Amino acid sequence: AMAAGVTHTVSPAVIVFELTGQTSYMLPTLTAVLIAVAVGGAFSPSVYDQMMTLAGLPSLRELPAAAAAGKGRGAAAAVVTAEELVDRSLDSAGPGGAVLTQSLSLLQVWAALQECTDVEFAVVDTARRLTLVGAVQRGALEAMLSDHLEVLLEGVS
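Residues numbered from 1 in each chain as written. Predicted model: local features only at pLDDT ≥ 70, side-chain atom pairs only at ≥ 80, totals over all residues. Heavy atoms only, no water.

## Concerning the overall build of the chain
- For the chain, the count of helices and strands is eight helices and three strands.
- In the chain, the succession of α and β elements from N to C terminus is α-α-α-α-α-α-β-α-β-β-α.
- Going through the 157 residues of the chain one by one, you find that 22% of them count as buried.
- Accessible surface, the chain: about 11100 Å² in total, of which carbon and sulfur atoms supply 64%. (Helix = DSSP H or I, 4+ residues; strand = E, 2+ residues; numbered from the N terminus. Buried < 20%, exposed > 50% of the residue type's maximum accessible area, 1.4 Å probe, protein only. Areas by Shrake-Rupley, 256 points an atom, 1.4 Å probe, with all protein chains shown as cover.)

Now the structure itself:
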């Protein structure tokens, strides 16, 4: 139960059952493990999250409180779609927020960088389908724009 509380997983109990073959104590063991996972999750991040933080690795950010609560639909219906999490403040740059489509022109990308302060942009196939293709860093977009601006200015002179 301690290993499950630290890692926030039930896999230690499953490993014990598979190694020992003793399933007669499955119910009390799983009950203790589930309680340990719940208590551990309420008071501290898992050991894996701590190791990622110490190593400086990126991690998923927390869901907004309104989206996590299901916007009043009840805990059983707390299904969050990607569309609910998208910041809709950047309508001129694409489908919304820090989202760029593959078909944007250089001018539209430049406008998106001027209007939004995000450091990373999601790239989707089309504004209608919103299928995630990847992500691009703000620095990479700025470097690409400056390279293309230099080429355009050389062609004019």
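## Regarding the nonpolar core
- In this structure, Ala98, Leu100, Leu104, Val109, Ala112, Leu113, Cys116, Phe121, Val123, Val136, Leu141 and Leu145 together form the largest nonpolar core, which totals twelve residues.
- Looking at this core, the elements that each hand over two or more residues are α7 (106-115), β2 (120-124) and α8 (138-156).
- What Leu141 contacts, discounting residues up to four positions off in sequence, is Leu100, Val109, Leu113, Phe121 and Val136.
- Counting residues in hydrophobic clusters, the runner-up holds five residues, among them Ala4, Ala13, Phe17 and Val37. (Core = buried A, V, L, I, M, F, W, Y, C linked by side-chain atoms within 4.5 Å. Contact = heavy atoms within 4.5 Å.)

## What to know about helix α3 (residues 26-43)
- With 18 residues, α3 ought to run about 26 Å at 1.5 Å a step, and its terminal C-alpha atoms sit 26 Å apart, in line with that.
- Among the residues of α3, Val33, Ala36, Val37 and Gly40 are the ones counted as buried. Looking straight down α3, one finds its buried side chains confined to an arc of 100°; they lie on one side. Exposed and oriented more than 90 degrees from the buried face of α3 are Leu27, Leu34, Ile35, Ala42 and Phe43. (Expected span 1.5 Å × (residues − 1). Arc of directions from axis to C-beta.)

## Some thoughts on a nonpolar patch on the surface
- A surface patch of nonpolar side chains, about 230 Å² in accessible area, is lined by Val10, Val14 and Leu34.
- Structurally, Val14 can be placed in helix α2 (residues 11-20). (Patch = residues over 30% accessible without salt bridge, like charges linked within 9 Å, V, L, I, M, F, W, Y side chains within 5 Å. Salt bridge = Lys/Arg side-chain N within 4 Å of Asp/Glu carboxyl O.)

## Describing the pairing of β2
- Both strand β1 (residues 99-101) and β2 contribute to a ladder of three bridges, which runs parallel. Looking at the pairing, Thr101 lines up with Val124 of β2.
- Crossover connection from β1 via α7 to parallel β2: handedness right-handed.
- Note: β2 against strand β3 (residues 132-137), five bridges, orientation antiparallel. (Pairing = 2+ DSSP bridges. Right-handed = clockwise from strand over helix to strand, strands pointing away.)

## Examining the pattern of salt bridges
- For the coordinates displayed, the defined rule picks out one salt bridge.
- Measuring nitrogen to oxygen at the nearest pair gives 3.2 Å for the salt bridge that ties Glu142 to Arg138. Of this pair, Glu142 and Arg138 are both found in helix α8, four residues apart, which corresponds to roughly one turn of the helix.
- The class for Glu142 is partly exposed, based on a relative accessible area of 41%.
- Looking at Arg138, the relative accessible area reads 16%, which means it is buried.

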